[in-house]
Amino acid sequence: MNTNIALVLVLAPFLGFLLNVFFGKSLGKTVSGVIGTLAVVVSFVATVYFFGGLAAQPEGIRIALFDWIQISNFKVDFGFQLDQLSLLWLLFVTGIGSLIHLYSISYMHDDENMHKFFAYLNLFIFFMITLVIGSNLLVMFIGWEGVGLCSYLLIGFWYKNQEYNDAAKKAFIMNRIGDLGLLIGIFILGSLFSTVDYTSLKAAITTGSNVDMYWLTVAGFALFIGACGKSAQIPLYTWLPDAMAGPTPVSALIHAATMVTAGIFMITRLNFLFDLTPDVQNVIAIVGAVTALVAATIGLLQNDIKKVLAYSTVSQLGLMFLALGLGAYEVAVFHVITHAFFKACLFLGSGSVIHALHGEQDMRNMGGLRKAMPITFITMLIASLAISGVPLFSGFFSKDEILLVAFHHNIPLWVVASIASVMTAFYMFRLMFLTFFQEFRGTAEQKHHLHESPALITFPLIILAILATVGGVISLPGNSWLNHYLIPILPKLATAAHHLGTTEYMLMGVAVVGGLFGIGLAYIKFVKQNNVPVLDEALTGLSKTIYNKYYVDEVYDAIFVKPINALSNFFRDTVETGLSALVFGFGKVTNELSYQGKKIQTGSIGLYLFVFVLGLCAIVSYLFLAQ
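Remember, predicted model here, so these are calculated numbers, not experimental data.

Caption draft 1: Highlighting helix α8 (residues 213-230). With 18 residues, α8 should cover 26 Å at 1.5 Å per step; its first-to-last C-alpha distance of 26 Å lies within 8% of that length. When α8 is considered as a whole, its buried residues turn out to be Leu216, Ala219, Gly220, Ala222, Leu223, Phe224, Gly226, Ala227, Cys228, Gly229 and Lys230. Capping of α8 at its N-terminal end is provided by aspartate 212; its side-chain oxygen lies 3.2 Å from the backbone amide nitrogen of tyrosine 214. Of the residues one or two after α8, alanine 232 is the one with positive phi, at around 55 degrees.

Caption draft 2: Local environment of the environment of alanine 227. Its location among the elements puts alanine 227 in helix α8. A C-alpha to C-alpha distance of 26 Å links alanine 227 and phenylalanine 51, two positions 176 residues apart in sequence.

Caption draft 3: Looking closely at the pairing of strand β1 (residues 61-71). Here β1 pairs with strand β2 (residues 74-82) via nine bridges, running antiparallel. By the bridge assignment, aspartate 67 is partnered in β2 with aspartate 77. Following β1, the chain reverses through two residues before pairing antiparallel with β2; serine 72 in that reversal takes a positive phi of roughly 55 degrees.

Caption draft 4: How the structure looks around the pattern of salt bridges. According to the stated counting rule, one finds 13 salt bridges in the structure shown. Here lysine 170 ties to aspartate 242 by a salt bridge, and the two come within 2.8 Å at their closest N and O atoms. Of the two residues, lysine 170 sits in helix α6 (residues 162-193) while aspartate 242 sits in helix α9 (residues 239-242), which places them 72 residues apart along the sequence. The class of aspartate 242 is partly exposed, set by a relative accessible area of 22%. Several salt bridges share partner residues, and in doing so they unite Glu145, Arg176, Asp179 and Lys230 into one network.

Caption draft 5: Representation of the packing of helix α17 (residues 394-409) against helix α22 (residues 502-528) within the structure. Two numbers describe how α17 lies on α22: the axes approach to 10 Å, and their chain directions differ by 120 degrees. In this view, α17 runs oblique relative to α22, as classed from their interaxial angle. Viewed along their axes, α17 and α22 form a crossing whose handedness is right-handed. Here Phe396, Asp400, Leu403, Leu404, Phe407 and His408 of α17 come into contact with α22, specifically with Thr503, Glu504, Leu507, Met508, Ala511 and Val512. Here the contact of α17 with α22 is composed, by residue class, of eight nonpolar, two polar and two charged.

Cut-offs used in this document
Residues numbered from 1 in each chain as written. Predicted model: local features only at pLDDT ≥ 70, side-chain atom pairs only at ≥ 80, totals over all residues. Heavy atoms only, no water. Helix = DSSP H or I, 4+ residues; strand = E, 2+ residues; numbered from the N terminus. Expected span 1.5 Å × (residues − 1). Buried < 20%, exposed > 50% of the residue type's maximum accessible area, 1.4 Å probe, protein only. Polar contact = N/O pair within 3.5 Å; in protein donor to acceptor, adjacent residues only side chain to side chain. Pairing = 2+ DSSP bridges. Salt bridge = Lys/Arg side-chain N within 4 Å of Asp/Glu carboxyl O. Axes fitted to C-alpha atoms, helices over the stretch in contact; angles between N-to-C directions. Parallel < 35°, antiparallel > 145°, perpendicular 65-115°, else oblique. Left-handed = near helix turned anticlockwise from the far one by under 90°. Contact = heavy atoms within 4.5 Å. Nonpolar A, V, L, I, M, F, W, Y, C, P; charged D, E, K, R; others polar.

All quantities given are derived from atomic positions and should not be read as evidence of function.
Shown next as structure tokens:
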């Protein structure tokens, strides 16, 4: 029974992919959209079934489908592991995925390749589910690579635009760099313990007396590199902002709720490994904090509404990695969930704005939209309050927990994270004020056609806004359902103290004041003073550097891209040309020899007999002389 439902959970999106790929165009846009959406809804229902039954099986459900690989004493089963962590991830992957598919029916309705879009979305969900429920690292790796492929297909969906193709290739290549690290980590663990199964690895690492800590640390660091690529951490973060080239539902699905959280999932799943490698944990915490701050500073000056949200995503992922590096896996998971709610709402809300403005993404050409688009405005306002850490919204609880953990473990990292959080509040309300307040700054034609988006777009926004409001109740201070739920995955939570003292309340107050300060500063600058960001060309000094993302892409281009292109051009123009000349030279020599040789083929029987006699005499002479 469990096996059949698990197969339905995994294969329903894959069936939706097949139907849309082969029959979607003939079925029509609406039908292909309905098929794609229902496929993910079926997976969501199956997830809810397993989630409801987990109370009776707190140890989780393991399903071994078949023996996959067996080499000497190394054996890998192809199986699923449905436990607290995987089901928690599946709930928001399939739940938010269903809402985004529903949203896309209206958003993508004018696109001629709508059936392909839903096919790719379904394929992405299939691989994401595979990544999450795999019972070992190799099954996870299949899903890991699959979502990388699907992100390439979806980011470059509008392939007629070369810039979008370049963005897709950039995402694909940078993810492959990280994935090499992940693969090396898997190989090391397989070599050390003769298994890559999660349960077996945990037993071998936590109970083994002769674990090689050096290679375990190397494996942990290699796995972290993989997480850096997928979850956009320094130095492998530059692909995510460029990935905004894809349709807005892609941004909401891949870059808010699912693919970019894969690195957090993997590290949390292997928490028993990282707990034994404190050096790697320190690196994770530092990289996370620096990523949060750098991305937040870049977000301050971006004018493309989706680019602001993209750098916000990178910054929030940095905070999650900070929590992971400090060993607070449950806090990182909590922020993953709340972030999925409010960031998906923000991305879909930005899509609603772009839809109303017929493709306009520059906030300098917006303004005054709150009256024309009240539902979009209210839902995005709620999500912005949540991400800014305003009390009682979901982000307040999860972000404050990260800051509390950072303060108790490493005050410099707490300072960095707090500054990034204040910046988050500022640039998010900069986005809100430039988009929805003051007078409309677009064209008269755009103003004439301003309207609220259709129900299929606004309904997912309303659901996500509600979740962004109340989502924090899953882990209230001192009474955390989430922490209790994750005890089988993170046993130390069973004995962890969860009380709030004077220090905690003070830190909470500091965080709230910081967030309100950022909001107030944005209000003064963009509402009271009615400032509109200047033209790109007018920026100077530090502002210009930040606006151009610290020229990191240009540095990468100079250090990696241009030398590799030059090397490839050298091999193409010099080495390959020389080798071709050598190969063709042998051909010419052979051809010339054969041309000269064929001249002795005169057809004269006498000549042939003469040559035959000479050859026979030579052989006989050799035989006699050899004696």
